[in-house]
Amino acid sequence: MKKIIVFSLSLIWCVSLSAQITYTGTVHGKSGQKTVSLYMASLRTADNLYYTYTDSAGFFSIQLPGAYKSLIYTYPGYRTDSVALINPNLDIVMQEISQLQGVVITGKRDPSYISSIQTLKTEVITSEGLKKNACCNLAESFESNPTIDGSSADAVTGQRQIQMLGLSGVYVQMLTDMIPDIRGLNIITGLTAIPGPFIHNIYIRKGPGSVANSYEGITGQIDVELLKPYDADKFFINFYANTQQRLETNLYFRNSIKKWKSLTMLHGSTAQYQMDYNKDSFIDNPLYNVFTGIHRWQYINKHGKETNIGFKYHYDDAQAFNTMQHIHHLPDSVPFEKYLFRTTYHREEIFAKTCFELFHNERNEIGLQMNALNHEQHTIIGHRVYNAQERGLYLNSNFQILPRNEKIIYRFGGGLMLSDYVQNIESIDLSRKDIIPGLFSELTYDDGMRFSVIAGLRADYYNNNQKIYPAPRVHLRYKVGKDGSLRASGGFGWRVANVIQENLNYLVSSRTLYIANNLQPEYALNYGISYTQTVQALNREMNFSFDAYRTQFINQVITDLDLSSSEIWFYNLTGKSYANSLQLQFQTEVIKNLDFIAAVKWNNVEVTYHDKLMEKPFTPQWRGMFNTAYSMFKRKLKVDATLQWVGAQRIAENAMLYAEGNSTVYSVPYYRVLSQITYTSKQFEIYAGGENLTGFTQKNPIINPFTPYQPGFDAAMIWGPVMGRIAYVGVRYSLK
């Protein structure tokens, strides 16, 4: 009998130890009289076996065995402490470290940084980082970032393009709040449709992203996190003007109805100044009127689960043309030919995201995403007329299950991408309907100490060729020492190209258009490694980063400019196509309040053009970037400066037959300098700056500009800046 009692008590004791209790709550930080939600605050047990982090609202949830009696919480700039696990509902308020032996300790948020805890290497550009430059829209948000390269697409339309890992931005999965909406007909123009002041953070990830975010994304992922009603100021307005008479206004304000909070964001910009500094008859910058409106609602329940709904509207009317105003040397034998580029489009979107518990268990949840859109566009390019419309629907479900082992997260789900395109140009009908359903499964393991892995598999069915495209992906992270991280990733991605919309700049020419029949989806493998290291030296923190990636195409839609100067060809890849990319980056605070970033990048991109492996045109092999930022007068006055160095790049071969003043098929290297000074008061920010301060511009950016309908006219052979020095001023006002 005694043995039975002892055994029963032991069993009860063991069961009590293994019983799982879920603790939920919030973590806030108190600084003076102000209390704010702390994002990514760490909570862990004393033995480091169990841990979690807070979300953007400061909410956390963790399941622990009953044997644990306390939880340790930490956050930079706040006192580390512990809380007794008496109640499953916890409300933690952390105290800011204000004084220590007479020394004032203050927290500093870097304008841009590399996350040290993510399995995928993630670079973060914060809202403060976006203020380093004028940052009027998303396309102009990467001037001080070494990973994303921006440039002009041509000398007429004013379009901006980006590159990542040596390849066009169309191979990057572009997300807005984790919804893939910058795609399809919006994949180029969408970069200029998101105003910079509406962006909270930008997350940049190299290599294939998570399989949960659709099949697209070959070279990387850019997730734009817009301002949310719970985090935004009550009121904000920004005025901007530059020497090209570009005027912009951005404003937003929030409101609330019971537990729902709303945010209304409005943007308007215009440019109506006709200038032709290089005297080639074409105005240097298009005239345009743009309006953007975003309205969103947000609700967060007591468990921290979010629901977001809203809509977006964007209208853009831009035109560029040639004029006789500055022509003084046109021969009498050459008649003036009027040339017009004009594009008008409007886009409407409705989006919704929600997350809730599954089976009444906080550890299991389901996330649902929806985006519906209508995009209508009318474009005139000389004698060409391009009409396009897209109606799209994106649905995605994400089931997340946390087993008893806190180190494992299992996700699975599926989605549907529906895109109905109507496209016509030069009697060529490119209309099609894409119906792409897909399923995915993903497992995450993180031991909480040194090793983590995310392994996923996705399969999507494409209706137009009746094929299933598999996309396996894996991401690894191993912590080296105390402050080093070694990461590796690999996986497949694919996409369906819209050849006209994605190459609209090349149509500003006299080239004849040829499109091969039966263009297939682009399918590629990307793999690479990265290493980041933080070193403490001379009482300063130094951060080093090294990346090496390769993208190898199984199929690619080739844009061939080399076959003939009078033709542009689109056809499926027949041969090799790859891109190798290496990047080295260094970041530190040289002295107090003086930050410094330096980076160098090498890209080797080779493509098979008409059965010949050649270097991809307009892709510099070498790039360098240096950025300094100095703050003074208690950070009220900030000075930022960026130096960009761009190496030589190949120009399309046959275009050189008509180029003026060039003797080789390679461009010359050049420098570009940007600088800005910002003064901050309690509610106002006043800023002034300049772009391309060296004044370097590409000579004769338009080939044969005076005969736009004759062979040889081409405005897309752009390898350098087409605009000279630009000065700007602006003012921001915010009400907390």
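Each chain carries its own residue numbering, running from 1 in the direction its sequence is written. Under the rules for a predicted model, residues below a pLDDT of 70 receive no local features and side-chain atom pairs below 80 are neither given nor counted, while totals for whole chains, interfaces and linings still include all residues. Side-chain numbers come from the whole structure's heavy atoms, not from hydrogens or water.

Chemist: Hey, could you go over the overall build of the protein chain for me, with residue numbers and the actual values?
Modeler: When helices and strands are tallied, the protein chain shows three helices and 46 strands. It is over C-alpha atoms that the radius of gyration is taken, and the globule rule equals 2.2 Å times the number of residues to the power 0.38. Relative to its length of 736 residues, the protein chain is compact, with a C-alpha radius of gyration of 27 Å against a globular reference of 27 Å. Principal axes of the C-alpha set define a box for the protein chain whose edges measure 115 × 65 × 50 Å. Here a residue-residue contact requires only that any non-hydrogen atoms of the pair lie within 4.5 Å. Once local pairs closer than 6 in sequence are excluded, the contacts in the protein chain between residues at least 24 apart make up 63%. In the protein chain, which carries 69 positive and 63 negative side-chain charges, the distance between the mean positions of the two groups comes to 10 Å. Strands are runs of DSSP state E lasting at least two residues, helices are runs of H or I lasting at least four, and both sets are numbered from the N terminus onward. Think of it this way: Lys and Arg go in the positive column, Asp and Glu in the negative one, and His and the chain ends go nowhere. A charge is said to be at NZ when it belongs to Lys, at CZ for Arg, at CG for Asp and at CD for Glu.

Chemist: Can you lay out the nonpolar core for me, pointing to particular residues and giving the numbers?
Modeler: Note on soluble globular proteins: their nonpolar side chains tend to be buried together. Take the buried residues of types Ala, Val, Leu, Ile, Met, Phe, Trp, Tyr and Cys, join any two whose side-chain atoms come within 4.5 Å, and each joined set is a nonpolar core. Partly exposed describes any residue whose relative accessible area lies between the buried limit of under 20% and the exposed limit of over 50%, with all areas from a 1.4 Å probe on protein chains only and scaled to the type maximum. Counting residues in each nonpolar core, the largest one holds 46 residues, and the members touching the most others are Val156, Ile500, Leu513 and Met717. Broken down by secondary-structure element, the contributors of at least two residues to this core are strand S23 (306-321), strand S26 (384-401), strand S27 (408-425), helix H3 (499-502), strand S34 (512-515) and strand S38 (567-572). Beyond its immediate chain neighbours, meaning those up to four positions away, Ile500 contacts Tyr386, Ile425, Leu430, Leu507, Leu513 and Ile515. Grouped together as the second largest cluster of nonpolar side chains are 30 residues, Phe198, Ile199, Ile222 and Met265 included.

Chemist: If you had to explain the confidence of the model for the protein chain to someone new, which residues and values would you point to?
Modeler: As a per-residue quantity, pLDDT reports the predictor's confidence and falls between 0 and 100. For the protein chain, per-residue confidence averages 88 on the pLDDT scale, and residues scoring 70 or more make up 90% of the total. No element of the protein chain has a lower mean pLDDT than strand S10 (residues 103-104), at 37, and none a higher one than strand S31 (residues 467-470), at 97. Residue range residues 98-107 is modelled with pLDDT below 50. Its contacts to residues more than four positions away, or to other chains, number five contacts. Taken together, the stretch residues 657-663 has pLDDT below 50 and engages in nine contacts with residues farther than four places along the chain or on a different chain.

Chemist: Account for the pattern of salt bridges, with residues named and values stated.
Modeler: For this document, the term salt bridge refers to a Lys or Arg side-chain nitrogen within 4 Å of an Asp or Glu carboxyl oxygen. Evaluated as defined, the whole model comprises 29 salt bridges. Note that Arg342 and Asp317 form a salt bridge whose closest N and O atoms lie 2.8 Å from each other. Within this pair, whereas Arg342 is found in strand S24 (residues 340-358), its partner Asp317 is found in strand S23, the two being separated by 25 residues in sequence. You can call Arg342 partly exposed: its relative accessible area is 31%.

Chemist: Could you give an account of a nonpolar patch on the surface, with specific residues and numbers?
Modeler: Exposure above 30% relative accessible area and the absence of a salt bridge qualify a residue for a patch, where like charges join within 9 Å and nonpolar side chains (Val, Leu, Ile, Met, Phe, Trp, Tyr) within 5 Å. Per-residue and other accessible areas follow the Shrake-Rupley method at a 1.4 Å probe size, with only the shown protein chains counted as cover for residues. Among the surface-exposed residues, Phe451, Val474, Leu476, Tyr478, Val480 and Leu486 lie close enough to one another that they form a single nonpolar patch of about 450 Å² accessible area. In terms of residues, the nonpolar patch owes the most to one element, strand S32 (residues 473-480), which gives four residues. Inspection of the secondary structure assignment puts Val474 in strand S32.

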